[in-house]
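Chains, contacts and geometry: an overview
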Amino acid sequence: MASVRGPTPPSVVVVGGGVIGLTAALLLARRGYAVEVVARNLPGDSLDQAWASPWAGANWCPFGVDPRVCKWEAETLEQLRTLIPSGLAMPLPITRFASSEAGLHNHWYAGVADNYTRLGPESCPPGCVGVTFTSVSVNSPHYLEWLGAQCTALGVKLRRATLKALRDAVRPDTRAVINATGLGAGELEDVRDEFVEPIRGQIVVVRAPVKRCVMDATMNHPTRSTYIIPRPNSGGQVICGGCYEVGSTVREPDPAMTRSILEHCLARIPELSKDGTVEGIEIIRECVGFRPSRRGGPRLEREDKTFGGSRRVPVVHAYGIGPAGYQASWGMAGEAVKLVGDALIEGIVVEAPRAKL
Ligand code: FLA
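Predicted model, so just to flag it, every value in this text is computed and none were measured.

1. Points about the overall build of the chain
When helices and strands are counted, the chain shows 5 helices and 15 strands. What you see for the chain is a C-alpha radius of gyration of 21 Å, in line with the 21 Å of a compact globule of 357 residues. The dimensions of the chain, computed from C-alpha atoms along their principal axes, are 80 × 40 × 35 Å. A burial count over the chain gives 56% of its 357 residues as buried. In the chain, of all internal contacts separated by at least 6 residues, the share reaching a separation of at least 24 is 73%.

2. Overview of the UniProt feature "binding site: D-dopa" (unreviewed entry) in the chain
Sites flagged by UniProt as "binding site: D-dopa" (unreviewed entry) map to Tyr227 and Arg291. Relative to the helices and strands, Tyr227 resides in strand 10 (residues 224-230). In this structure, Tyr227 is in contact with Ile203, Val214, Met215, Ile239, Cys240, Gly241, Gly242, Cys243, Tyr244, Cys265 and Arg291, ignoring residues within four places of it in sequence. Along the chain, Arg291 turns up in strand 13 (residues 282-294). Taking the relative accessible area as the measure of exposure, Arg291 reaches 13% and is therefore buried. The contacts of Arg291, once residues within four sequence positions are left out, are Leu183, Glu197, Pro198, Ile199, Arg200, Gly201, Tyr227, Cys243, Tyr244, Gly322 and Pro323. Here Arg200 takes part through its backbone oxygen, which lies 3.2 Å from a polar atom of the side chain of Arg291.

3. Thoughts on the site of the ligand
Taken together, Asn59, Phe63, Met215, Tyr227, Ile229, Tyr244, Arg291 and Pro323 make up the full set of residues adjacent to the ligand. One of the side-chain nitrogen or oxygen atoms of Tyr227 is found 3.2 Å away from an oxygen atom of the ligand. In this structure, Pro323 approaches the ligand through a main-chain N or O atom, which is 2.9 Å from a nitrogen atom. For the ligand, whose unbound accessible area comes to 250 Å², protein coverage reaches 93%. Residues of the shell around the ligand, tallied by class, amount to 6 nonpolar, 1 polar and 1 charged.

4. A look at helix 3 (residues 140-153)
In this model, helix 3 (14 residues) spans 20 Å end to end at C-alpha, consistent with the 20 Å of a helix rising 1.5 Å per residue. Among the residues of helix 3, those classed as buried are Ser140, Tyr143, Leu144, Leu147, Gly148 and Cys151. Burial along helix 3 is one-sided: seen end-on, the buried residues are contained in an arc of 140°. Tucked into the core, helix 3 has its buried residues touching helix 1 (19-30), helix 2 (67-81), strand 5 (129-138), strand 6 (157-160) and helix 5 (325-345). At the exit of helix 3 stands Gly155, carrying a positive phi of roughly 90°.

5. A look at the UniProt feature "transmembrane region" (unreviewed entry) in the chain
In this structure's numbering, the residues bearing the UniProt feature "transmembrane region" (unreviewed entry) are residues 12-29. End C-alpha atoms of residues 12-29 are separated by 9 Å, and the span's content is 61% helix alongside 22% strand.

6. Side note on the environment of Val35
Inspection of the secondary structure puts Val35 in strand 2 (residues 34-39). Each C-alpha atom of the pair Val35 and Trp72 lies 23 Å from the other, and the pair is 37 residues apart in sequence. Not counting the four nearest positions on each side in its chain, Val35 is found in contact with Val12, Val14, Ala25, Leu28, Ala29, Gly155, Val156 and Lys157.

What counts, and at which threshold
Residues numbered from 1 in each chain as written. Predicted model: local features only at pLDDT ≥ 70, side-chain atom pairs only at ≥ 80, totals over all residues. Heavy atoms only, no water. Helix = DSSP H or I, 4+ residues; strand = E, 2+ residues; numbered from the N terminus. Rg over C-alpha atoms; globule rule 2.2 N^0.38 Å. Buried < 20%, exposed > 50% of the residue type's maximum accessible area, 1.4 Å probe, protein only. Contact = heavy atoms within 4.5 Å. UniProt positions renumbered as here; feature names shortened; annotations may be inferred. Polar contact = N/O pair within 3.5 Å; in protein donor to acceptor, adjacent residues only side chain to side chain. Near = heavy atom within 4 Å. Areas by Shrake-Rupley, 256 points an atom, 1.4 Å probe, with all protein chains shown as cover. Nonpolar A, V, L, I, M, F, W, Y, C, P; charged D, E, K, R; others polar. Expected span 1.5 Å × (residues − 1). Arc of directions from axis to C-beta.

The structure is reproduced here in structure tokens:
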């Protein structure tokens, strides 16, 4: 991808400090842009339920067959593998169960993930299907801090601000904007995307000697699934989930769901408990986070906007990835950065035609 060198590198503003925004800022900075990230939450902040990224389970396990997302996920797995030697990403044997073949997404990533193996019926819950492969996981708060450090090392400015509109982040020298505001895209006055919606996730963070992942979508329940994801560099923390409640904004964890999550996770990975009982599981905390999703799928497109005055500025919208933020991050951010480059090469920053007096 072209880089932009020169006396005054073009200035690009990234709005949003989650995994997509920070990855886009890093890719822009690596290509020589002058980058400012403007965000309500920044790496290192304590947990805020309005900021999805630090809550994520953050493993790699595709959720569907949208060709765009599959491409982003395949590219991201390649990038995450390069972070294994440093310990930032952890290789993870994963077992995935589904109620039917449809839940295995046409096995599209059989050639992408290492050691992809279909399970026989004897290794699956009755009547279900399954596969195993080698995934990776990251410790999402740590990973965000790593992204932030990589960005600042390349001169990216991280500025904390709560914006009412994208225009509040645009400066006279801003040549392009990346809108990576997640659920914020539904609230920004000059975006107001009505398709943006939260998908509520409740998890229990426990401590246990577990180094394998199970993703079990065989519960015949519209919003529940069972997943166990060990976190690297966390002193043995394991994410136990969970639920996918579309549109729910309930912030408090439901104690009954916590119990149910632990029972289902324990049934899949007995070593979660010191004595085989739910009471023998060392609970660190219960959490509720809101996946930044979008009806119809993620939005990745350029919109040339006039922010007051006459100058039009290319805005690349990059949000709505929902539960796949980390596992699609490098691919999605990379495509957003390419759209910025294309826009600047086209010299889109032109004076709008002046009114004929
Ligand atoms: N991506 C995580 C989530 O959506 C999962 O909670 F891995 F747990 F699925």
